[in-house]
Structures are given as C-alpha cells and as structure tokens.
Amino acid sequence: MARTLLTDNCYICAIMTLEQQIQEDIKAAMKAKDAVAMAAVRAIKNEILLFKTAEGSAKDVTDADVLKMTQKLIKQRKETAQIYVDNGRQELADNELAEAAVMERYLPKQLSPEELEAKIKEIISETGATSIKDMGKVMGIASKRLAGLADGRAISTAVKAQLS
C-alpha cells in the first residue's frame, strides 16, 4: 500500500506497517517542532493504544484497523471544527482542520465522485438491485468494498441517487 509520509523515507513504505510509520512520524514531527502534526499523529497513536488495551481485544492492530481509527478521528475533527465555526471560534476550527489534514495523509487516495459512481453502478449490477428497497443490500457490499476509499455518507448518497 503506497502511503504519503511525513518523513522522507519513502523506501520504508513497503516494509513498515501503518502503526510503525505513525511512530516514526511522531519522532519526525517532534524533531521538526511541528505542533499540529505532533498532535494529530499522537491522537492516532493514542487510538491504537486504546484499541490494543481494550478488553477482549486481539492485541494485534492491522493497517485496516488503523485506517478505520484515522477516519473516525478525521470525522471527529471536522465535526468539532464546524461547531467552533458555528460558535465564532475560527482559530480553534482552523487548528482542528489542520490536524485533520495531517491525518488524511495516512488514508489511501479517495475516489472522485465519478469513480465512486462507476463503482456503485458495478455493485448494483452485481447484486441485481432495482429499487430503493434494495439499498441495504447494496450498502452492505459497497461499504465493505469501498472502505477507506470513500466517506460513508458519500457512498450512501451515491447509492440513493442510483437506485432512485
């Protein structure tokens, strides 16, 4: 999986897990004295540690787990930024959005609306869905297949548009 790194060690991409890369990026952010990157990457690391220490956890964190955690954190940051904007606190919103931008570096390239629409059409033809009543069946497959490549809300909107 190709990743955009905060460090210049691109040859490491193929052999490091996402968790290891995050640890390296914490060090790089600390050396660069980049407070925003440090806070963002530490937040991801914190989620990983919580996942590992959760009761009943398998203790092994896969890249897919880290991607899910990162997506959740990005969504939280964006929602918080919107609350700050609504309350007239733009400087706090800017900080949240800057952290979200750093976190987005760990996600795979997102599908464009056209690419998403094409994938949804493909899934609809596979499932034989014909109406909005089949949305659950299509969403189940689409959510799994497009995980990390598109936002859940965007997937839902695209499925609704195709089935309506």
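As the structure is a computational prediction, the values presented were derived from the model and not from experiment. (Residues numbered from 1 in each chain as written. Predicted model: local features only at pLDDT ≥ 70, side-chain atom pairs only at ≥ 80, totals over all residues. Heavy atoms only, no water.)

Caption draft 1: Representation of helix α4 (residues 90–104) in the model. Along its 15 residues, α4 runs 21 Å from first to last C-alpha, staying within 8% of the 21 Å computed at 1.5 Å per residue. When α4 is considered as a whole, its buried residues turn out to be A93, E96, E99, A100, V102 and M103. Buried residues belonging to α4 abut α2 (35–53) and α3 (63–86). (Helix = DSSP H or I, 4+ residues; strand = E, 2+ residues; numbered from the N terminus. Expected span 1.5 Å × (residues − 1). Buried < 20%, exposed > 50% of the residue type's maximum accessible area, 1.4 Å probe, protein only. Contact = heavy atoms within 4.5 Å.)

Caption draft 2: Quick look at the pattern of salt bridges. According to the stated counting rule, one finds 11 salt bridges in the structure shown. The shortest N-O distance in the salt bridge between R89 and E91 comes to 2.8 Å. By relative accessible area, R89 is classed as partly exposed at 39%. Here E117 makes a salt bridge to K121, at a shortest N to O gap of 3.3 Å. Of this pair, E117 and K121 both sit in helix α5 (residues 113–127), separated by four residues, roughly a single helical turn. For E117, a relative accessible area of 35% gives the class partly exposed. (Salt bridge = Lys/Arg side-chain N within 4 Å of Asp/Glu carboxyl O.)

Caption draft 3: The side chain of T127, seen in detail. The residue T127 is located in helix α5 in this model. Of note is the side chain of T127, whose polar atom sits 3.1 Å from the backbone oxygen of I124. (Polar contact = N/O pair within 3.5 Å; in protein donor to acceptor, adjacent residues only side chain to side chain.)

Caption draft 4: Representation of the confidence of the model for the protein chain in the model. Considering every residue of the protein chain, the mean pLDDT works out to 85; 90% of them sit at 70 or more. Note on residues 1–13: pLDDT is under 50 here. Beyond four places in sequence and across chains, it has 21 contacts. (pLDDT = per-residue confidence, 0-100.)

Caption draft 5: Just helix α6 (residues 135–145), in detail. Buried residues of α6: M135, V138, M139 and A142, and no others. Taken around the axis of α6, the buried residues stretch over an arc of 100 degrees, which confines them to a single face. Exposed residues lying more than 90 degrees from the buried face of α6 are G136 and K144. Residues of α6 that are buried sit in contact with α5 and α7 (152–163). (Arc of directions from axis to C-beta.)

Caption draft 6: Region of the structure containing the side chain of E99. As for its placement among the helices and strands, E99 is situated in helix α4. Discounting residues that sit within four places of it in the chain, E99 has contacts with V36, A39, A40 and R77.

Caption draft 7: Quick look at the nonpolar core. Membership of the largest hydrophobic core comes to 22 residues, with the highest contact counts inside it found for I22, I44, I48, V66 and M103. Mapped by element, the contributors of at least two residues to this core are α1 (18–32), α2, α3 and α4. The residues touching M103, leaving out its near neighbours within four places in the chain, are A40, A43, I44, T70, L73, I74 and R77. (Core = buried A, V, L, I, M, F, W, Y, C linked by side-chain atoms within 4.5 Å.)

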